[in-house]
Amino acid sequence: MAEAAVEIGGSLLWARGITAGYGREHVIERVSLDVRPGEFVALVGPNGSGKSTLLRVLLGALRPDAGSVALFGAEPDRFHARWRLGYVPQRPSLESEVPATVREIVASGRLRQRGWWRRETVEDRTAIQHAIESVDLGDVADQPLNELSVGQQQRAFIARAFASEPKLLVLDEPIAGVDRASQRRCRDSLLHLQREHGAGVLLVSHELSAVADVIDRIIVLKRSILFDGTPAELAASGVSLGIHADDLPLWLEGLR
Amino acid sequence: MIAAIPLPYPFDTVEMQRALLACVAVGAFAPTIGAFLVQKRLSLVGDGVGHVAFAGVGLGLLLGMSAVWTALVFAVAGAIGVELLRAKKKIAGDLALALFFYAGIALGVVFAAKAGVDDLEIYLFGDPLAMTSSSLAAVVLIGGIVAVGVWSLRRVLFAIVTDEAWARAEGLPVDTLSVALAALTAAVIVAGMKVVGLLLVAALMVLPVASAQLLSRSFRRTVLLAAGIGAASAFVGLIVGHIAELSISGCIVLVAAAVFTVASVVRRSLPAAVESQV
């Protein structure tokens with residue numbers, strides 16, 4: 001039933017004509033985008049292009065000055081099935097005072113889905129274990145997070161988002177500064193969620209080389225949307241569209 | 001007059017038996033709450049709330065009411081006030097604490113002086129040997145409420161104290177649960193007031209956690225070990241204080257501090273493989 005009550009035009013995430021900013025200054029103007037089930041969308045743009053502001057609007061943390069947003073067909077502040085949306089914040093700094101294991105962190109991601117006041121069931125434990133294994137952290141599941149590498153910690157946060165078996169995953173720069181092997185594992189995990197579970201993925205990142213081969217659509221943002229199409233289309237028409245090389249991740253330069 | 005249960009010395013009197021139960025109960029549940037406060041980087045909140053509770057003690061004495069209940073009202077209001085100021089970022093966490101800290105103690109002194117009471121030592125430093133059966137019952141009751149509250153909310157409390165920004169984005173009821181944690185903290189402070197005193201109960205919230213986190217590798221084990229260390233420190237401190245005729249609350253906290261020193265040494269001698277990864 002919840003699955004049916006969805007999505008404007010089949011989109012998990014739908015935004016039209018978003019203008020937003022802080023005070024009187026608009027950081028983004030007339031931005032429209034969609035993420036559909038099973039789609040892997042990358043959002044790129046130079047520093048200060050408005051990516052973070054756009055994410056805040058999409059997730060309901062900032063009210064736009066104009067335009068509308070729908071998450072699973074509902075306005076962000078009326079969207080209550082939050083577990084359907086997995087969110088991986090930008091480089092979450094978790095300097096835990098008290099040791100906390102990967103499993104304990106990942107289990108937090110399951111709270112919204114089962115109801116935070118309910119007991120953990122066998123199904124919850126299976127989902128948590130599955131999330132841990134999908135990011136290849138099975139061997140260190142019971143180790144304290146602060147004993148792991150930055151890349152492993154980042155994968156633990158992705159697993160936390162996976163634990164609720166989300167239908168839409170939004171990741172804010174999750175692989176920046178992470179070693180190449182970890183980037184590869186992150187990519188495989190995202191691909192698994194997308195292909196096996198039909199989830200939509202919105203990845204905001206400067207470093208797309210690790211996921212270049214799995215991106216369905218790329219959106220270039222610089223205050224407004226400069227381009228929205230497949231990577232191949234961007235490679236073919238990017239320059240003629242007037243997109244400056246600085247606006248694009250390095251890997252695209254090779255395609256041009 | 002309630003007869004003492006036949007137990008070996010030094011627990012052969014009713015007073016020592018009540019003190020044993022009260023000290024071990026406070027020793028166990030103070031660090032249980034403390035683990036969440038330490039994880040939230042609010043290790044000193046117990047101290048601040050203790051000072052606010054002192055204002056409640058002063059008012060209770062002035063009005064001729066039970067100081068425990070007025071202290072509880074002030075402590076809960078103070079703990080929630082600090083939490084709200086911190087959460088709304090109206091004021092820095094430590095500044096919010098300082099504000100309540102100093103205003104609370106000053107108000108307590110003014111109220112107590114007005115009431116003509118100058119012997120406030122039992123509230124500040126506790127006296128477990130002076131526990132009546134009703135104050136013991138209050139300690140055990142509050143301890144039970146805290147234990148049930150923390151047990152039921154442990155997973156969600158862990159989630160919000162560990163990564164508050166993420167928990168908010170996830171739509172967890174961060175503000176409501178932070179207020180619940182603040183109220184439980186206040187309850188522990190007041191329960192511990194007549195046992196180890198307002199000035200030292202905060203130490204029992206933090207020191208056993210500081211020791212346990214050196215020796216544990218998960219949050220769950222840290223909480224359980226901290227409760228064990230707190231209870232054991234209370235047990236040993238009570239015996240030492242009673243036999244050597246020293247301040248029992250002081251001895252309890254000194255034992256907890258000594259455990260921390262030992263835990264630090266043990267931690268340093270752990271295998272280098274573990275250390276190198278930290």
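Worth saying up front: this structure is predicted, and the values here are computed from it rather than measured.

Chemist: Looking at this structure, how should I read the sheet that holds strand β7 (residues 200-204) of chain A?
Modeler: For sheets, the rule is that strands pair by backbone hydrogen bonds, running either parallel or antiparallel. Residues and elements named next belong to chain A. An order of β5-β6-β7-β3-β8-β9 is seen for the six strands of this open sheet, with the pairing classed as mixed. The sheet is open, and its two borders are formed by β5 (85-88) and β9 (224-229), each paired with just one other strand. Taking the axes of each pair of neighbouring strands and ignoring which way they run, one obtains an average angle of 15 degrees across the sheet. Bridge count between strand β6 (residues 168-172) and β7: five bridges; the pairing is parallel.

Chemist: Even after reading the chapter, I still don't get helix α5 (residues 150-162) of chain A, so can you show me in this structure?
Modeler: Because the α-helix completes a turn every 3.6 residues, residues three or four places apart line up on one side. Here α5(A) spans 18 Å end to end across 13 residues, near enough to the 18 Å set by a 1.5 Å rise per residue. Of all the 13 residues making up α5(A), eleven are buried; the element is thus mostly covered by neighbouring parts of the structure. Along α5(A), the residues that are buried comprise Gly151(A), Gln153(A), Gln154(A), Arg155(A), Ala156(A), Phe157(A), Ile158(A), Ala159(A), Arg160(A), Ala161(A) and Phe162(A). Residues of α5(A) that are buried in the fold lie against β5, α2 (102-108), α4 (122-134), β6 and α6 (180-197) of chain A together with α7 (164-169) of chain B.

Chemist: Mind showing me how you'd approach a nonpolar patch on the surface here?
Modeler: A surface patch of nonpolar side chains, about 300 Å² in accessible area, is lined by Leu215(B), Leu225(B), Val262(B) and Val266(B). Among the secondary structure elements, Leu225(B) is positioned in helix α10 (residues 219-243).

Chemist: Could you clarify how one ought to interpret the packing of aromatic side chains in this entry?
Modeler: Each aromatic ring pair is characterised by the separation of its centres together with the angle its planes make. In the structure shown here, the tally under the stated rule is five aromatic pairs over all chains. Geometrically, the ring pair formed by Phe101(B) and Tyr102(B) is edge-to-face, given 5.3 Å between the ring centres and 65 degrees between the ring planes. Three or more aromatic residues joined by ring pairs form one cluster here, namely Phe36(B), Phe158(B) and Phe219(B). Directly above the aromatic system of Trp166(B) lies the positively charged group of Arg160(A), at a separation of 3.9 Å from the ring centroid.

Chemist: Sorry if this is basic, but what is going on with the interface of chain A and chain B here?
Modeler: Listed as interface residues are 28 residues of chain A and, on the opposing side, 29 residues of chain B. Buried area between chain A and chain B, both sides added, is near 2600 Å², and the carbon and sulfur share of it is 55%. At the surface where chain A touches chain B, the tally comes to three salt bridges. Taking the shortest distance from any N to any O, the salt bridge between Asp163(B) and Arg160(A) comes out at 3.0 Å. At the surface where chain A touches chain B, the tally comes to nine residue pairs in polar contact (both at pLDDT 80 or more).

Chemist: Whenever I open this one, helix α2 (residues 45-63) of chain B confuses me. Can you help?
Modeler: All names here are of chain B. Taking 1.5 Å as the rise per residue, α2 with 19 residues should run 27 Å; its terminal C-alpha atoms sit 27 Å apart, in good agreement. Of all 19 residues in α2, 14 are buried, a share of seventy percent or more. Immediately downstream of α2, the backbone of Gly64 shows phi near 70 degrees, a positive value.

Chemist: What is the right way to read a negative patch on the surface from this model?
Modeler: Residues and elements named next belong to chain B. Residues Asp118, Asp119, Glu121 and Asp127 make up a contiguous surface patch of negative charge. Within the fold, Asp118 resides in the loop between α4 (93-115) and α5 (121-125). Since its relative accessible area comes to 73%, Asp118 is described here as exposed.

Chemist: Sorry, what's going on with unusual backbone geometry here?
Modeler: Most peptide bonds adopt trans geometry, and most residues besides glycine take a negative phi value. Residues and elements named next belong to chain B. The residue after Tyr9, namely Pro10, is reached through a cis peptide bond having omega 5 degrees. Along the chain, Pro10 turns up in the segment before α1 (14-39). Non-glycine residue Glu245 carries a positive phi angle of around 55 degrees. Position of Glu245 relative to the elements: it lies in the loop between α10 and α11 (248-268). According to the relative accessible area criterion, Glu245 is exposed, its value standing at 73%.

Chemist: Teacher, can you tell me more about the packing of helix α9 (residues 198-215) of chain B against α10(B) here?
Modeler: The geometry of a pair of packed helices is captured by two quantities: the angle between their axes and the separation between those axes. Residues and elements named next belong to chain B. Contact pair α9 / α10: the axes reach a minimum separation of 8 Å and the direction vectors enclose 130 degrees. Relative to α10, the element α9 is oriented oblique. The chirality of how α9 crosses α10 is right-handed. Facing α9, whose interface residues are Pro208, Val209, Ser211, Ala212, Gln213 and Leu215, α10 presents Thr222, Leu225, Ala226, Ile229 and Gly230. The class makeup of the residues in the contact of α9 with α10 is seven nonpolar, four polar and no charged.

The rules behind each value
Residues numbered from 1 in each chain as written. Chains lettered and ligands numbered in written order. Predicted model: local features only at pLDDT ≥ 70, side-chain atom pairs only at ≥ 80, totals over all residues. Heavy atoms only, no water. Pairing = 2+ DSSP bridges. Helix = DSSP H or I, 4+ residues; strand = E, 2+ residues; numbered from the N terminus. Axes fitted to C-alpha atoms, helices over the stretch in contact; angles between N-to-C directions. Expected span 1.5 Å × (residues − 1). Buried < 20%, exposed > 50% of the residue type's maximum accessible area, 1.4 Å probe, protein only. Contact = heavy atoms within 4.5 Å. Patch = residues over 30% accessible without salt bridge, like charges linked within 9 Å, V, L, I, M, F, W, Y side chains within 5 Å. Areas by Shrake-Rupley, 256 points an atom, 1.4 Å probe, with all protein chains shown as cover. Salt bridge = Lys/Arg side-chain N within 4 Å of Asp/Glu carboxyl O. Phe/Tyr/Trp six-rings, centres within 6.5 Å; stacked < 30°, edge-to-face > 60°. Lys NZ or Arg CZ within 6 Å of the ring centre and 35° of its normal. Buried area = accessible area lost by both parts, 1.4 Å probe. Polar contact = N/O pair within 3.5 Å; in protein donor to acceptor, adjacent residues only side chain to side chain. Lys, Arg positive; Asp, Glu negative; His and termini not counted. Charge placed at Lys NZ, Arg CZ, Asp CG, Glu CD. Parallel < 35°, antiparallel > 145°, perpendicular 65-115°, else oblique. Left-handed = near helix turned anticlockwise from the far one by under 90°. Nonpolar A, V, L, I, M, F, W, Y, C, P; charged D, E, K, R; others polar.

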